[in-house]
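# Descriptive structure summary
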Amino acid sequence: MAREKWGTRLGFMLAALGSAVGLGNIWRFAFVAGNNGGGAFLLLYLVFILLIGVPLLLTEVSIGRKAQSDVVGSFKKLAPGTPWFLSGFFGVISAFLILGFYSVVAGWSIYYFWKYITGEFFTQPAAGYAGAFGEFTTHAWHPVFWTAVFMAFTIFVVLGGVNKGIEFINKLFMPILAIILIVLAFYSISLDGAMEGLKFLFYPDWSSLRDPSIYLAALGQAFFSLSLGMGAMLTYGSYLSEENKLPGATLGIGLVGTSFAVISGVVIFPAVFAFGIDPASGPKLVFITLPGIFQHMPLGGVVGIVFFFAIIIASLTSSVSMLEVPTAYFMRIFKWSRKFTTILVGITMFVIGIAVSLGFGVWSGVTPIGNNNILDSMDFIASNILLPMGGLSMALFVGWYFTKEQALQGADMTDSIFGGIWYKVVKYIAPIVIILIFLQALGII
Ligand code: PHE
């Protein structure tokens with residue numbers, strides 16, 4: 001059977017953008033930035049995006065387009081008989097880990113959306129928003145049920161294939177998402193006291209740069225939010241043909257995706273400050289703090305409905321890209337049908353999600369890393385370690401395994417004035433920065 005392909009270049013761009021913009025920009029960014037001091041973190045994150053993220057996005061997509069295969073297969077095809085393909089497994093493993101917890105948080109969002117639709121969350125529930133969140137997330141099967149609903153949506157889209165499933169929903173949802181986030185951002189800025197939030201987000205407190213953990217956190221966030229290092233962008237690139245030029249498309253995806261990240265920050269932080277809440281309240285920021293804020297806003301119930309709807313569609317356009325990574329891989333090696341593979345992989349991820357969900361209830365005593373629960377531990381391993389490792393191997397592959405001509409040609413950079421700079425970044429700068437941050441996080445330097 002012929003390999004599937006995107007219908008149009010715009011379809012690819014929207015799908016890649018859909019993959020990038022998700023819970024990472026809204027839920028993850030909010031608490032990682034909140035915990036790491038705001039402005040200085042945002043700045044460092046933006047530096048990593050421009051210096052490493054955007055060049056590596058082009059690198060990752062170029063590997064996929066050249067090889068026309070999945071994360072593991074691409075390395076096998078371009079470097080036959082070498083161990084390079086092993087680096088593809090960073091991607092396959094991180095897809096299981098990340099979608100494992102992502103589907104749980106997306107499931108919570110569907111529950112919240114539902115509670116807003118029924119009007120129950122328009123005003124503070126009897127136990128308070130914190131109490132309601134606690135009751136819900138510690139329940140044995142309620143959150144598991146909503147995780148299942150979210151995984152079912154994800155499986156359904158991926159079952160439809162590259163064109164009729166993934167491309168279709170991105171073309172439908174991305175414009176809607178863009179409009180909602182921009183409207184919400186204006187609304188948030190218009191609140192009294194919003195300035196404090198904008199200051200927190202845009203005015204760097206340089207002393208936070210002295211905390212060594214901010215560097216790995218910003219690097220992990222840069223990879224997570226651009227969907228880099230997992231092979232999602234590589235796999236999406238593999239459904240492109242040669243005539244679709246890459247540099248403009250990937251620069252566009254990187255810049256628009258990052259603007260979405262900043263806009264989401266503008267939606268959240270002014271609101272948080274306008275209502276005098278501590279921005280360092282962790283992963284629950286979006287689920288406890290924001291409903292508390294919506295309640296006091298004019299038309300807050302409607303804002304809640306729209307906000308959680310936006311989170312759901314943003315999550316779905318990202319989760320499909322994660323499910324597609326192992327699906328494309330298993331379809332090829334076992335020659336299974338798309339239908340069978342998608343369902344099997346999706347259900348396996350759901351089972352991981354059950355463990356993550358129980359980590360908030362009966363298994364809350366399980367702390368695999370430090371005193372982090374199951375979700376935070378999986379997030380740390382996948383986002384801060386596996387994604388940068390995946391990105392590092394792709395950079396080394398294109399920078400050192402390919403000749404310079406092959407690298408430039410694969411990325412359509414042969415005639416570009418930026419070709420030389422891009423190549424140096426991929427060959428030296430990105431690997432050195434990633435390795436230095438790892439060494440620093442390990443306490444070696
Ligand atoms: N970029 C997505 C988000 O911000 C998450 C993601 C990570 C998707 C890695 C695919 C691969 O929500």
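For the structure, see preceding data.
Below is a summary of the structure that appears in this document. Residue positions are given per chain, counted from 1 along the sequence in the order it is written. Local features in a predicted model are, by the rule used here, given only for residues with pLDDT of at least 70; side-chain atom pairs are given and counted only at 80 or more, and totals for whole chains, interfaces and linings are based on all residues. Hydrogens and waters are ignored; side-chain quantities use all the structure's heavy atoms.

## Quick look at the overall build of the chain
Working definition: helices are DSSP H or I runs of at least four residues, strands are E runs of at least two. Numbering for both runs from the N terminus. When helices and strands are tallied, the chain shows 18 helices and zero strands. Note on method: radius of gyration uses C-alpha positions; expected globular size equals 2.2 Å times residues raised to 0.38. For 445 residues, the compact-globule estimate of 2.2 N^0.38 gives 22 Å, and the chain sits close to it at 21 Å. For the chain, with 445 residues in total, the buried portion stands at 60%. Restricting the contact set of the chain to residue pairs at least 6 apart, pairs at least 24 apart contribute 81%. Summed over all atoms, the accessible surface of the chain reaches about 17000 Å², with 71% contributed by carbon and sulfur. Side chains of the chain give 22 positive and 19 negative charges; the mean places of these two sets differ by 10 Å. Note on classification: 1.4 Å probe, protein chains only; a residue is buried when its accessible area is under 20% of the maximum for its type, exposed when over 50%, partly exposed between these limits. Residues are treated as being in contact if the distance between any of their heavy atoms lies within 4.5 Å. Calculation of accessible area relied on Shrake-Rupley with a 1.4 Å probe; when residues are assessed, cover is drawn exclusively from the protein chains displayed. A positive count includes Lys and Arg, and a negative count includes Asp and Glu. His and the chain ends are not counted in either. By convention, the charge on Lys lies at NZ, on Arg at CZ, on Asp at CG and on Glu at CD.

## Here we look at the site of the ligand
In the vicinity of the ligand lie 14 residues, with A20, G24, Y102, F224 and S227 positioned nearest. For this analysis, a polar contact is any N or O atom pair within 3.5 Å, provided that within protein one partner can donate a hydrogen and the other can accept it, and provided that sequence-adjacent residues contribute only side-chain to side-chain pairs. S19 has a polar backbone atom sitting 3.1 Å from a nitrogen atom of the ligand. Here an oxygen atom of the ligand and a backbone polar atom of A20 are 2.9 Å apart. Look at the ligand: alone it shows 320 Å² of surface, and the protein chains cover 100% of it. Broken down by secondary-structure element, the contributors of at least two residues to the shell around the ligand are helix 1 (9-20), helix 2 (23-35), helix 10 (213-225) and helix 14 (300-334). In these notes, residues near a molecule or strand are those with any non-hydrogen atom within 4 Å of it.

## Quick notes on helix 14
Note: α-helices contain 3.6 residues per turn, so residues at a spacing of three or four share the same orientation. The terminal C-alpha atoms of helix 14 lie 50 Å apart, and with 35 residues this matches the ideal 51 Å at 1.5 Å per residue to within 8%. Along helix 14, the largest kink reaches about 25 degrees and is centred on E324; proline P326 follows within four residues of it. Here helix 14 lies mainly inside the structure; 28 of its 35 residues are buried. K335 sits one or two residues past helix 14 and shows a positive phi near 60 degrees. One less than the residue count of a helix, multiplied by 1.5 Å, gives the span that helix is expected to have. Consider a residue and the seven residues that end there alongside the seven that start there; fitting an axis to each set, the bend is the angle between those axes.

## Things to note about the environment of A274
Structurally, the position occupied by A274 is in helix 12 (residues 247-274). Residues within four places of A274 in sequence aside, it is in contact with L191, D192, G193 and A194.

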